[in-house]
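In case you want the letters, here they are:
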Amino acid sequence: MQQEFNINFSGRGHLYTPEEIEVVVKAMTQADPLTQGKYRDQFEQKFAAYQQTKHAFAVCNATAALEMAAQLCQFKPGEEVIIPTHTFTATAYPFLKKGARPVWADIDPDTRVVTADTLAARITPQTKAIIVVHLYGYVADMPAIMDLAREHQILVIEDAAQAIGATLNGIKAGSFGDMGVFSFHSHKNISTLGEGGMLTVNDDRYAAVLPMLRHNGHAAFNFERSDYWLPGMGDVDFPELNGERLWPNNFCLGEVECALGTKLLDRIDDMNTARRRRAIDIIDSLSDYTELVFQREDSDRHNYHQLVGWFSNGKRNDFMRKMANDKKIKCILPYYPLHHNSMYKKLGYGTADCPNTDRFFSQMTSFPFHHWLSDEEIASMVAATREVLKELRS
Ligand SMILES: Cc1ncc(COP(=O)(O)O)c(C=O)c1O
């Protein structure tokens, strides 16, 4: 039987303003074509300016961005990619599809993301790339990670799917590495109607192949034509990088989504600030219950995509059970470490020396924290949390 909740872990991160709905209706009624048009160009330009990267490519989701990032790595047999095992599956499998061997990295127990030290422990002569995930919306220590990667000449892909707008030393998550990946999925801090993503790069060589890689290998003929329809409307070819052919995809994002994404960028910083204020208020109002440990980051290094706590008293499951059954509040347990999942086990990647990850995962919980929770719901969630924590102490 489906369990009913008073406060759900919503599948929807935020609502839309009347102005945003107007933008959608206008694009719906006026866009021609409905994909690959001026709204895409506007979204990409505004996103690149927001991120301070040279190029941005809108795609149908972050998984598609990761698929293309994996293609751009051009893995040779035996090459390795270092990936945190505490992440969403799409961080990893696109790289495995392209032939890379995953090497699982541990997280830092306090920040819950990888560090230069946890990554350095995994570097071998075969390491081609590192995927840094700014999980829950917190920016990993990118300056130290970039120093490490440059020293070893390793590519860095930032999975900033959850971290839009989060900033370290004035630089946005996703703008430190060789490639940055963003998601506008339904859950995320901004969503382009459920699906959407972006891939950012600075390297012009990547930027030169990405349009063809994203859109079926469509290319203009490389000779003068007297009639626009001859010898056909257009050519298709392989996008080529370093003299190697890459297979194209169709990973385009529609014009309505792009128009909305452009508009949402006006509001992202305010939405992130509101999330962070709320998170800090909640954390502070529970601070006398020291057995529930939050990461308190009162700066724009954290966009609080999720509000995650960890139980130092080993009572996570009792807490979640009481919250669900007695208080009707749905906390969840995202990101079962990848090496424990069937897909990775079947491939022989079912073991990892990641004690911090296992320790954190065994006692963590993620609270409902969508942007449209009312102040009353937040207050009642805090009150319920306090009551349950008190009961668990007795
Ligand atoms: C860390 C991380 N990477 C990648 C993705 C994939 O994003 P999308 O759903 O846009 O493909 C997600 C989405 O949940 C994510 O959380």
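Please read all numbers here as calculations on a predicted model, not as lab measurements.

Quick notes on the rules
- Residues numbered from 1 in each chain as written.
- Predicted model: local features only at pLDDT ≥ 70, side-chain atom pairs only at ≥ 80, totals over all residues.
- Pairing = 2+ DSSP bridges.
- Helix = DSSP H or I, 4+ residues; strand = E, 2+ residues; numbered from the N terminus.
- Axes fitted to C-alpha atoms, helices over the stretch in contact; angles between N-to-C directions.
- Buried ≥ 20, exposed ≤ 12 C-beta atoms within 10 Å, placed from the backbone.
- Domains from an automatic or database assignment.
- Contact = placed C-beta atoms within 7 Å.
- Nonpolar A, V, L, I, M, F, W, Y, C, P; charged D, E, K, R; others polar.
- Parallel < 35°, antiparallel > 145°, perpendicular 65-115°, else oblique.
- Left-handed = near helix turned anticlockwise from the far one by under 90°.
- Core = buried A, V, L, I, M, F, W, Y, C linked by C-beta atoms within 7 Å.

Peer 1: If you had to explain the sheet that holds strand E14 (residues 292-294) to someone new, which residues and values would you point to?
Peer 2: The strand order E14-E15-E16 describes an open sheet built from three strands, whose pairing is antiparallel. Looking at which strands have only one partner, the edges of the open sheet turn out to be E14 and strand E16 (364-367). Between one strand axis and the next, the sheet turns through 35° on average, direction left out of account. Here E14 runs beside strand E15 (residues 307-311); their pairing, made up of three bridges, is antiparallel. Within E15, the position partnered with phenylalanine 294 by the bridge is glycine 309.

Peer 1: Give a description of the pairing of strand E4 (residues 127-133) that names residues and reports values.
Peer 2: Of all seven residues making up E4, six are buried, and the element is well covered by its neighbours. Relative to E4, strand E2 (residues 80-84) runs parallel, the two sharing three bridges. When the bridges of E4 are listed, valine 81 appears paired with alanine 129. As judged from the five bridges shared by E4 and strand E5 (residues 155-159), these two strands associate in the parallel manner. Across the sheet, valine 132 pairs through a bridge with glutamate 158, a residue of E5.

Peer 1: Run through the domain arrangement of the protein chain, naming residues and quoting values.
Peer 2: Domain boundaries in the protein chain define domain 1 (18-264) and domain 2 (268-393). Here the C-alpha centroids of domain 1 and domain 2 sit 27 Å apart. On the domain 2 side, the residues contacting the 32 residues of domain 1 number 30 residues. Of all the elements in the fold, those that place two or more residues in the side of domain 1 that touches domain 2 are helix H4 (93-97), strand E3 (101-105) and strand E6 (167-168). Taken together, the residues of the side of domain 1 that touches domain 2 break down into 17 nonpolar, 10 polar and five charged.

Peer 1: Any details on the packing of helix H3 (residues 62-73) against helix H7 (residues 204-214)? Residues and values, ideally.
Peer 2: In a pair of packed helices, the angle between the axes and the distance between the axes together describe the arrangement. One way to put it is that H3 packs onto H7 with a least axis distance of 11 Å and a crossing angle of 130°. Comparing the axis directions of H3 and H7 gives the class oblique. Our pair here, H3 against H7, has a crossing hand that is right-handed. Facing H3, whose interface residues are Met68, Gln71 and Leu72, H7 presents Tyr206, Leu210, Leu213 and Arg214. Along the lines of polarity and charge, the residues of the contact of H3 with H7 split into five nonpolar, one polar and one charged.

Peer 1: Tell me what's going on with the nonpolar core, and back it up with residues and numbers.
Peer 2: Proteins that are soluble and globular tend to have nonpolar side chains buried together. One finds Val59, Ala65, Met68, Ala69, Val181, Met198 and Leu199 to be the most contacted residues of the largest nonpolar core, which totals 100 residues. For this core, the element with the most residues is H3, which contributes nine residues. Here this core spans two domains, and each of domain 1 (18-264) and domain 2 (268-393) adds at least three residues to it. When neighbours within four sequence positions are excluded, methionine 68 is seen to be in contact with Leu199, Leu210, Leu213, Arg214 and Phe251.

Peer 1: Provide a residue-level description of the packing of helix H2 (residues 38-51) against helix H8 (residues 255-264), including the pertinent values.
Peer 2: It is at 8 Å that the axes of H2 and H8 come closest, and there the two elements cross at 35°. For H2 against H8, the interelement crossing comes out left-handed. In this structure, H2 uses Tyr39, Arg40, Gln42, Phe43 and Lys46 to contact H8, whose residues at the interface are Glu255, Cys258, Ala259, Gly261 and Thr262.

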